[in-house]
Structures are given as C-alpha cells and as structure tokens.
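# Examination of the molecular architecture
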Amino acid sequence: MRIFVLVKQVPDSTEIKIDPRTGNLLRQGVAAIMNPEDRHALQAAVELAAQVGESSVTVLTMGPPQAIDVLTEALACGADKAVLLTDELFAGADTWSTSGVLARAIQHLGGAHLVLAGRQAIDGDTAQIGPQVAEALGMEQATYVQEIEYLDGELEVERRMGEHLERLCLPLPALVTVVAELNVPGHPRLDLLLLACQDRAPIEILNAADLGFKAQEVGLAGSLTEVVETFSPKSARETEFLEGSPAEMAAALLGRLKAAKLLHKGGLE
Amino acid sequence: MSGKTLNLKAKVRPPPRIRSDAPRMVRQVFHRFTEEEVIPRAQAIDESRAFPRELFKMLGDMNAFGVRYPRNKGGAGGSTTIFCIICEELARGLVSLAAEYAMQCLMGTNFLFHYGNAEQHERYFLPAMKGEKVTAFCMTEPDNSSDLTGCKTSAKRDGEDWVINGVKTFVTNGPVADLFTVLVQTRPGSRGKGLNFCLVPREAPGLSVSRAFATLGTWSTEMSELALSDVVIPAQNMLLPPGTGMRALLSIVAEIRTMTAALGLGLARAAYEASVRYARERYQFGRLIKDYQLIQAHMANMATNIYASELMVRDCCARIDRGESPLNLSSMTKYFVCETACNAADRATRVLGGYSYSMDYPVQRYYRDSRFLLYGGGTHEILQSTIGRTLLR
Ligand SMILES: Cc1cc2nc3c(=O)[nH]c(=O)nc-3n(C[C@H](O)[C@H](O)[C@H](O)COP(=O)(O)OP(=O)(O)OC[C@H]3O[C@@H](n4cnc5c(N)ncnc54)[C@H](O)[C@@H]3O)c2cc1C
Ligand SMILES: Cc1cc2nc3c(=O)[nH]c(=O)nc-3n(C[C@H](O)[C@H](O)[C@H](O)COP(=O)(O)OP(=O)(O)OC[C@H]3O[C@@H](n4cnc5c(N)ncnc54)[C@H](O)[C@@H]3O)c2cc1C
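Residues numbered from 1 in each chain as written. Chains lettered and ligands numbered in written order. Predicted model: local features only at pLDDT ≥ 70, side-chain atom pairs only at ≥ 80, totals over all residues. Heavy atoms only, no water.

### What to know about the overall build of chain A
Each helix and strand in chain A was counted, giving 6 helices and 13 strands. Relative to the 2.2 N^0.38 estimate, which gives 18 Å for 269 residues, the radius of gyration of chain A is 23 Å and therefore markedly larger than a compact globule would have. With respect to the three principal axes, the spread of C-alpha positions in chain A is 75 × 45 × 40 Å. Counting the 269 residues in chain A, one finds 46% classified as buried. On chain A, roughly 14,100 Å² of surface is accessible, and the fraction owed to carbon and sulfur atoms is 53%. The average position of the 21 basic charges and that of the 38 acidic charges among the side chains of chain A differ by 7 Å. (Helix = DSSP H or I, 4+ residues; strand = E, 2+ residues; numbered from the N terminus. Rg over C-alpha atoms; globule rule 2.2 N^0.38 Å. Buried < 20%, exposed > 50% of the residue type's maximum accessible area, 1.4 Å probe, protein only. Areas by Shrake-Rupley, 256 points an atom, 1.4 Å probe, with all protein chains shown as cover. Lys, Arg positive; Asp, Glu negative; His and termini not counted. Charge placed at Lys NZ, Arg CZ, Asp CG, Glu CD.)

As structure tokens, then:
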C-alpha cells in the first residue's frame, strides 16, 4: 500500500505573531515543530504499513526550506521517504492553493492508496487541507478520525463528532484526517534521525516547475482568497493587585465588587 | 511539462542541498523527550528511589544508548557532540536518569564494545543498547578510589579461566546491573602495569551485590558495593591485552570528564530556568522579585557561567570528535562546569526562598543532585592538581 502523510511545520506556540503590515504570519524567532496531530497521522501510517506489508510511507510537506526539519523528524519516526515542496513561488498560498500543490505532488509521485493528515494545523487552524486534497484527488475521505482499522483492502474508521461517534467503511483510495485520540506517537529513533540529516537521506526536493505549475498558478497569485486584515484580538482583562493587611485587602475587594455592581445588599448578584 | 517553457519564472532547477542540522535536531528531540516524559515523572521517580526502568527502556527504543557506536554494530552513529547534547537535555529533567544513561553509553559498555567478542556482543552489548540489560563500571574500592593504581581486586590465572577476588564500592547501577566491567590487578605489586578490565555477569557464582546505599542525591540512581569471592570467569572475559588497563582507561577519560560536565550544564540550566520562572511570578513589597537588583545579580551570574560552560563543553566535544584527546581541557571543563552547576543550584535555593526548602518543589533536588557531579570523573581537588601540574610541567 502506498501511504502518504501530509505534515506541516508550525510555530511551537499558541501565541502566533502577525506582521501588522502584511497580515502574514511572522515565523522568525519562534521555534518550529511538526503540527501535533500530524505526529498521530504519521504513527498510524507506520503502523498500517507494518500491518499490511509491502507498503511505503512517504511524508510530504510544502513550506520554506527550514520545513525540512519536520521531514527529518518523520524519517526518524519510521517514514520511508520524504518530499519537500519548496519554492519562493509557493509563498502566500491560501488553503486552496496549498492543497492544489499537495494533490499535484501526490500524483507526480505516483499516486496514493491512502493519504493521512492531521485534522487541523495549530497555526492556520482551518482544517481545510485534508478535505481539499481529497477532493482534488477524487478520493473518499473521512475527517476527525480517532480509530482506523484495515480489513481486506478497506478501511473502517471511527469519527469523533462532538457528542457522538460515527463508524464508516471507506474503500481505497481514501484520505483520512486524524485527531490525537487515535494513538500515542512513538519518539524518533536516534540512528534514523542522524541518518536523515545526511546527504544520502531519502529526501526529494521539488519546486513549482517540477510539478508542472506556472508561476501564476501557485502561491499568492494562485490563491482564491485575499486576506483583508489579520489581527490579534485585544484582551480586555486587567489584573489589579490589592495591598495591605488581609482586612484592608478584603475591604478593598468589597469596594471593587460593589463599584462593578457585582454585589448588592451583601449578596452576590 | 508545459510550465517550464511557457513561464519564465517557474524554472526547473537542480534541487537545492537542504538537510537538517544534526545537533539541533537531536537537541530538539531530546528537549521534547525531557519535557514530555522526564519532567512530569521526575519527582515521583526520585522519591521512589528506584531505577527508572520505564524511561530507560524508552531510551533503548530510541536507540539512544547507541549514540557512540557505529550503526552497523547496533549503534546510532553519533559523536561526542551528540552524546553530550543528550546528556545535557536529560540532566535538565533528572540527573539520575542522565547519569544512568551516560553509564550505559560510555563506561558500562565501552570496553565490552571495543574488546568483547561476537558472542559477548550478542549476549550483552545488543540487549544493553535496547535498554533490556543494565551495565555498571567498577573501579573504586573501599581503600583505593582517586588512586586507581592501588587497585587490590586480584585476578589469578587458573588454567583457561581467571579467578577474581576483591571488593568494589560506589558502583552506580550496581543493584540493578546485569553486567559489570571490573578493574582488576593481574600482577600484584605492579601498580599501573598489571591493570585490566574484565566482564563479570551478575549470575556469576561468588559475586554478591549489597543493597542500595542511602545517598544525599540522585536517589533513583541505585548504588552498591560488590564483593567478588573466588568468582571464576572464562579467558575471553578478560578484555584487554595484559597490563593495558590504565592506557585503555586513559583513552576515555577526556570523554568521561566532558560528559560529566554536560550533566552539570543540564542541571545548571534547570536551576537557572526555575529561578527565572519564579522571579517573574513572585511578588514581594508590591513588585515582582525580578525587579530587585540582588535577584538580577543571581541571574547574571548563573547565565554568564552557563554561557561559558556551554562553550567549554562544545569545544571539548568538537576536539574529541576531531580525534584529539583533550585531557587537560576536559579536566578544566569538568571542574568549571560542575562548580557552576553546584553554584547555580545553590543560587536557585536563594531565589526561590523558603519554597526551595520544601520537598514539593524541584529546587531541593537540584541542590542535592548537584553534589553528584563532584566525585565521578575526578574530584575537583584531583582535577586542579593535574591541571596545575600539567601546566607547570
Ligand atoms: C484565507 C487564507 C489566506 C491565507 N493566506 C496566507 C498568506 O498570505 N501567507 C501565508 O503564509 N499563509 C496564508 N494562509 C495560511 C496557509 O494557507 C495555511 O497555513 C495552509 O494552507 C494550511 O492551512 P491550515 O494551516 O489551516 O491547515 P489545516 O487545514 O488546518 O491542516 C490540516 C492538515 O493538513 C496538512 N497540511 C496543512 N498544511 C500543509 C502543508 N503546507 N504541507 C503539508 N501538509 C499540510 C497537515 O496534515 C495538517 O495537520 C492563508 C490561509 C487562509 C485560510
Ligand atoms: C554518586 C557517585 C557515583 C559513583 N559511581 C562510581 C562508579 O560507578 N564506579 C566507580 O568505580 N566509582 C564510582 N564512584 C566513586 C568515585 O569515583 C570516587 O568517589 C572518587 O574517585 C573519589 O574517591 P573517594 O570518594 O574515595 O575520595 P578519596 O580519593 O578518598 O579522596 C578524599 C579527599 O581527598 C582528596 N584527594 C585525594 N587524593 C588527592 C590528591 N592526590 N591531591 C589532592 N587531593 C586529593 C579528594 O579530592 C577528596 O577531597 C562514585 C562516587 C559517587 C559519589
């Protein structure tokens, strides 16, 4: 079985900084990691490949050159091959453009029986990439998957849909996006990690032209959406420290609560 | 592909040479391992006073014990630089674990790897790499420690076998070890000229292991005494050519000292980071304590010495990786960095005030564990003497 895993490099922080001028994410100075749910997708891929036999796991990422690090880590976690899609022309891609490039790359690399992805990236947060790649490749898809079983060329998956669960049978080829409940990802192996940093590591690097794209088809130019404004919401919460003896602080607190109209006639409203 | 002919901008170019930087990746992976697996368990492991089997096995599954050995022999194909990064990151979480890790990577398996035969590799080395067998290194005796040439544990030839008699002490991992590399004297009275290392499996008749010592720090590193009474080992367990024990030991001394410094660097960082976190959240007299200059002085001192330590460790690692044996520089590094660690742990106990005295916070553990660094790899008195003597030679 040919399995592809989509992995994204994301900033290691929920505090994402945004360039106030361009509205784009500022990636400099923030440690970068593999999107957490992608670790679960990769673990599932490696386990499935071992179970099915005669399988290959290829990890795929589109990003700047330094996104190589998530591929290195993925190889150390048991992926057989890694592909970096990098080109200045890809810059500024929206989810439509990103998924178009990922889908084209999968075709270029010989197609997949199964594509696994994280449900959602912790920075972009759209959860659109998986479904869009499935559409672009004309594949069956299941999202929010927390259990995967492979039986005679078919997948049985369990989707976590808020309050209820859904079990589905999927014929292959299919794309599945996964949630953290799926499994416990193993740690990378040191020998594979060191090997993945060497020139002879099984990493392929492709650009827009390699995939047969014209400049205007990818990146900002090839995006359907336009970011009008991106901003960090201003937090209205303010913290005040009261000082003095316990009695003084209690009196001050009562005063504040009354002033805020949270207290009346000695009781809480 | 039409893209390349129709459009001038999208060009088929030879793929750029892009690869990740190995030291950075290793640090990232073991930083996360320490954050996710070690730090959350550290206090419970410490208080259990028991060897952390679960984490030890995890490190085996990662092939982390193989860092110094080539890939085609079951190792991971790393370097001293990589080894010391892992030691440092683990020590940031729990010095005990880092010390057990380092023992298994270096002293516990080095002579087995370099001088053991194929059967010994199969039986002990490969399981040790997987974290399934635990190894220990026994040089110190009750009466001979800093002075190893005084080693009294004797090995006498008996036909094809050797018979070992003696007592070893302060054996790190002793109570849980499956295999001991033991320093022995094969020619009584010859001091350094008769030393050799031999392998003694735990099940060898005549070997008895004491129960674990009660210790000041590194509580989950179990340590014991070893009594060898007419222990018979086959000839192939005597690892080195006759009388080359001292030379063999010398070949890894720079590495042992640099590794010990890396443990110290990790502990110093833990103490520093705990201090910074606390100074940023603790209010006294209506201000965060980080605004007080005497607290800032602690931070400045810790950070400066940690920076110097980092450069010293990195330089020694690079030299060892280039094939040098920086004996004096590694002595300086072990001395400076481990003093820095003790000092940083001490300062952290001041920054955290009374809370550092509570067993519920990790700073007391940093303080106790920092003392571990003072003895193995040479006491700081011995190191200062050898540094001075070498310089004035
Ligand atoms: C309207 C819009 C405009 C945007 N404009 C810009 C812009 O101008 N500049 C800019 O830098 N970014 C921009 N982005 C962000 C960028 O397009 C997204 O980060 C990217 O498309 C992935 O979307 P996501 O992060 O929401 O991923 P999700 O859909 O939440 O990710 C789900 C899963 O898809 C896979 N995946 C996601 N991204 C990748 C990838 N790159 N490679 C491999 N696998 C992947 C992973 O498995 C991931 O877990 C824009 C996004 C939107 C929605
Ligand atoms: C936590 C821990 C783990 C250990 N693990 C191991 C292990 O796994 N295997 C092993 O073999 N050993 C181990 N040791 C033993 C360690 O190597 C010895 O403690 C060390 O060699 C010092 O010996 P000693 O403590 O007997 O001190 P001594 O050698 O008796 O020294 C006592 C004092 O005299 C000073 N001194 C001695 N000689 C000189 C000199 N020439 N010049 C100036 N001052 C001198 C010393 O610095 C010290 O201050 C361990 C020790 C500890 C504390």
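### Re the layout of surface pockets
Gaps left between atoms are located by rolling a probe of water-molecule size over the structure's atoms. Residue and element names in this part refer to chain B. Empty space within the second largest pocket amounts to approximately 1,600 Å³. Secondary-structure elements contributing two or more residues to the lining of the second largest pocket are helix H5 (95-105), strand E1 (135-138), strand E3 (161-172), helix H8 (245-281), helix H10 (327-351) and helix H12 (380-392). The greatest single-element share of the lining of the second largest pocket, amounting to 9 residues, is contributed by H8. Tallied by class, residues from the lining of the second largest pocket come to 22 nonpolar, 19 polar and 6 charged. (1 Å grid on protein atoms, 1.4 Å probe; cavity = no way out; pocket = protein on both sides within 12 Å on 5 of 7 lines; lining within 4 Å. Points joined across faces, edges and corners; volume = space filled by probe spheres on them. Nonpolar A, V, L, I, M, F, W, Y, C, P; charged D, E, K, R; others polar.)

### Points about the interface of chain A and chain B
Facing the 38 residues of chain A at the interface are 41 residues of chain B. Together, the buried faces of chain A and chain B total about 3,300 Å²; carbon and sulfur atoms form 58% of this surface. Taken together, chain A and chain B are joined by 4 salt bridges. The partner of Arg 32 of chain B in a salt bridge is Glu 73 of chain A, and the shortest N-O contact between them spans 2.9 Å. The interface formed by chain A and chain B includes 12 residue pairs in polar contact (both at pLDDT 80 or more). Taken together, the elements giving at least two residues each to the side of chain A that touches chain B come down to helix H2 (68-76), helix H5 (190-196) and strand E11 (203-206) of chain A. Of the residues forming the side of chain A that touches chain B, the biggest block, 6 residues, is contributed by H5 of chain A. Looking at the side of chain A that touches chain B residue by residue, the class counts come to 20 nonpolar, 7 polar and 11 charged. (Contact = heavy atoms within 4.5 Å. Buried area = accessible area lost by both parts, 1.4 Å probe. Salt bridge = Lys/Arg side-chain N within 4 Å of Asp/Glu carboxyl O. Polar contact = N/O pair within 3.5 Å; in protein donor to acceptor, adjacent residues only side chain to side chain.)

### Structural notes on the site of ligand 1
Residues and elements named next belong to chain A. Ligand 1 sits among 30 residues. The nearest are Leu 6, Lys 8, Asp 38, Ala 93 and Thr 126. Contact distances for ligand 1 include 2.5 Å between an oxygen atom and a side-chain N or O atom of Asp 38. Between an oxygen atom of ligand 1 and a main-chain N or O atom of Gln 128, the distance comes to 2.9 Å. Burial of ligand 1 by the surrounding chains reaches 87%, relative to a free accessible area of 930 Å². Those elements giving two or more residues to the shell around ligand 1 turn out to be strand E4 (56-62), helix H3 (95-108) and strand E6 (114-118). Grouping the amino acids of the shell around ligand 1 by side-chain chemistry returns 11 nonpolar, 12 polar and 7 charged. (Near = heavy atom within 4 Å.)

### Some thoughts on the site of ligand 2
Residue and element names in this part refer to chain B. Around ligand 2, a shell composed of 16 residues is seen, among which Thr 140, Ser 145, Ser 146, Phe 170 and Thr 379 lie nearest. Within the backbone of Met 139, one N or O atom sits 2.8 Å away from an oxygen atom of ligand 2. One nitrogen or oxygen atom from the side chain of Thr 140 is found 2.6 Å from a nitrogen atom belonging to ligand 2. Burial of ligand 2 by the protein amounts to 62% of the accessible area it has alone, namely 960 Å². Listing elements by their share of the shell around ligand 2, those giving two or more residues are E1, E3 and H12. Top element by residues in the shell around ligand 2 is H12. It accounts for 3 residues.

Spatial relationships are all this shows, so hold off on functional conclusions.
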